[in-house]
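# Structural description and commentary
Okay, here's what each chain looks like letter by letter:
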Amino acid sequence: MQRHLPAVLLAAIILIFSIAAPANAQVANPCNTSQSFAVRCFVRNAIATKILTVPTGMNITVYDNYAVAVFRITQDTDLWMMMLGTTSAIADAMPAKNADGTANSIAQTDAINSIVNSESLTGIIVIPSQITLAQLEMFAQQTVSNITGFTGVSLSPGAVLRLIDSYIITATSSSGTINWTTVDASLTTAVKNLISSGMVKMPGSVTQAQFTTFVEDVAHAIAAYKSATGRKSL
């Protein structure tokens with residue numbers, strides 16, 4: 001069986017190796033020249049010893065670059081926390097299944113990519129220069145997959161997505177048509193109330209308008225996911 005190290009576990013191991021004590025300075029070792037080289041050396045050794053296998057569709061160079069991107073994501077506290085919140089909510093409220101229980105990973109992947117892309121476009125997150133949007137989307141996809149396997153007690157991290165969905169449901173006609181003007185107006189009011197009540201705290205780098213646009217984008221991602229999976233609600 002091929003083994004792919006989960007993104008979060010990979011990040012943790014990489015972090016440990018990257019801060020380990022350097023080797024004897026008298027021995028030339030490119031793995032000690034930078035954090036990126038340390039990550040790449042770990043990945044190459046892990047593949048050589050069959051701890052890891054290169055995922056299908058990737059070559060070793062792409063996998064190396066992705067491993068470095070994972071490390072950079074975990075170094076950025078703001079980005080890491082946003083990804084943790086985003087992925088846990090999606091894993092809870094938007095599983096990779098149709099309404100009838102059959103698998104539908106494409107619908108979930110599309111939702112993940114749409115939400116992460118909106119986070120970037122609206123300024124909710126700032127992607128470091130060493131990371132591409134595609135790498136961040138892949139990280140989010142793998143993290144959602146890993147979180148999906150959790151079977152312990154959960155405080156329903158997808159509650160916010162279900163709240164947004166409630167506005168979509170209210171504005172949906174009996175024929176299934178969504179009145180987006182009504183949805184957007186409701187979400188604008190909801191965001192304003194959440195911020196004014198202190199339930200949502202905005203960083204100085206993000207305006208209320210940017211955050212509202214992001215929430216509206218999430219609503220469209222939810223609607224597309226429900227349409228693809230045949231769900232009436234999250």
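Predicted model, so just to flag it, every value in this text is computed and none were measured.

## Focus: the overall build of the protein chain
When helices and strands are tallied, the protein chain shows 9 helices and 0 strands. Across the protein chain, helices and strands are ordered from the amino to the carboxyl terminus as α-α-α-α-α-α-α-α-α. Relative to its 234 residues, the protein chain shows a buried fraction of 36%. Considering only contacts within the protein chain whose residues lie at least 6 apart along the sequence, 69% involve residues at least 24 apart. For the protein chain, the exposed surface amounts to about 12800 Å²; the carbon and sulfur share of it is 60%.

## So, the nonpolar core
Membership of the largest hydrophobic core comes to 51 residues, with the highest contact counts inside it found for Met83, Met94, Leu136, Leu161 and Ile222. Within the residue set of this core, elements represented by two or more residues are helix H2 (35–48), helix H3 (60–75), helix H4 (77–93), helix H5 (105–121), helix H6 (133–148), helix H7 (159–170), helix H8 (180–196) and helix H9 (208–229).

## As for the state of the cysteines
Within this structure, the stated rule accounts for 1 disulfide. For Cys31, the disulfide goes to Cys41, at an S-S distance of 1.9 Å. Linking Cys31 and Cys41, the disulfide has an S-S dihedral of approximately -90° and is accordingly described as left-handed. Of this pair, Cys31 sits in the loop between helix H1 (7–18) and H2 while Cys41 sits in helix H2, placing them 10 residues apart in sequence. Looking at Cys31, the relative accessible area reads 22%, which means it is partly exposed.

## Details of the packing of H7 against H8
Between H7 and H8, the shortest axis-to-axis distance is 8 Å and the interhelical angle comes to 140°. The element H7 and its partner H8 pack so that their crossing is right-handed. Facing H7, whose interface residues are Ile164, Tyr167 and Ile168, H8 presents Trp180, Val183, Ser186, Leu187 and Ala190.

## Structural notes on the side chain of Gln108
Position of Gln108 relative to the elements: it lies in helix H5. In terms of polar contacts, Gln108 uses its side chain to reach the backbone carbonyl oxygen of Met94, at 2.9 Å. Not counting the four nearest positions on each side in its chain, Gln108 is found in contact with Ile90, Met94, Pro95, Ala96, Val144 and Tyr225.

## Concerning H9
The end-to-end C-alpha distance of H9, which contains 22 residues, comes to 31 Å, matching closely the 32 Å that a straight helix rising 1.5 Å per residue would cover. After H9 finishes, the residue Gly230 shows a positive phi value of roughly 75°.

## Some thoughts on the confidence of the model for the protein chain
Across the protein chain, the average pLDDT comes to 87, with 87% of residues at or above 70. When the elements of the protein chain are averaged for pLDDT, H1 gives the smallest value, 50, and H5 the largest, 98.

## A word on H4
Here H4 is 17 residues long and its end C-alpha atoms lie 24 Å apart, about the 24 Å a rise of 1.5 Å per residue gives. Among the residues making up H4, those that are buried are Leu79, Met83, Thr86, Thr87, Ser88, Ala89, Ile90, Ala91 and Ala93. Where H4 is buried, its residues contact H3, H5, H6, H7 and H9. Among the residues of H4, the N-terminal cap falls to Asp76, whose side-chain oxygen and the backbone nitrogen of Asp78 are separated by 3.3 Å.

## Structural notes on the packing of aromatic side chains
Summed over all chains, the structure comprises 2 aromatic pairs. Here Trp80 and Phe139 contribute two aromatic rings whose centre-to-centre distance is 6.0 Å and whose plane-to-plane angle is 65°, an arrangement assigned as edge-to-face. Of this pair, Trp80 sits in helix H4 while Phe139 sits in helix H6, and the two are 59 residues apart along the sequence. For the ring pair Phe211 and Phe214, a centre distance of 6.3 Å and an interplane angle of 45° mean the geometry is tilted. In this pair, Phe211 and Phe214 both sit in helix H9, 3 residues apart, roughly one turn of the helix. Using a relative accessible area of 17% as the deciding quantity, one classes Phe211 as buried. By relative accessible area, Phe214 is classed as buried at 10%.

## A closer look at the side chain of Thr122
If you trace the backbone, Thr122 turns up in the loop between H5 and H6. Here the side chain of Thr122 touches Ser118 through a polar contact of 2.7 Å, landing on its backbone oxygen. With near-sequence residues (within four places) excluded, Thr122 lies in contact with Gln210, Thr213, Phe214 and Asp217.

## Observations concerning the environment of Asp92
Within the element layout of this structure, Asp92 appears in helix H4. Using a relative accessible area of 26% as the deciding quantity, one classes Asp92 as partly exposed. Put simply, Asp92 and Thr148 are 56 residues apart on the chain and 7.3 Å apart in space, counted from C-alpha to C-alpha. Beyond its immediate stretch of four places on either side in the chain, Asp92 contacts Ser156, Pro157, Gly158, Ala159 and Arg162.

The rules behind each value
- Residues numbered from 1 in each chain as written.
- Predicted model: local features only at pLDDT ≥ 70, side-chain atom pairs only at ≥ 80, totals over all residues.
- Heavy atoms only, no water.
- Helix = DSSP H or I, 4+ residues; strand = E, 2+ residues; numbered from the N terminus.
- Buried < 20%, exposed > 50% of the residue type's maximum accessible area, 1.4 Å probe, protein only.
- Contact = heavy atoms within 4.5 Å.
- Areas by Shrake-Rupley, 256 points an atom, 1.4 Å probe, with all protein chains shown as cover.
- Core = buried A, V, L, I, M, F, W, Y, C linked by side-chain atoms within 4.5 Å.
- Disulfide = S-S within 2.5 Å.
- Axes fitted to C-alpha atoms, helices over the stretch in contact; angles between N-to-C directions.
- Left-handed = near helix turned anticlockwise from the far one by under 90°.
- Polar contact = N/O pair within 3.5 Å; in protein donor to acceptor, adjacent residues only side chain to side chain.
- Expected span 1.5 Å × (residues − 1).
- pLDDT = per-residue confidence, 0-100.
- Phe/Tyr/Trp six-rings, centres within 6.5 Å; stacked < 30°, edge-to-face > 60°.

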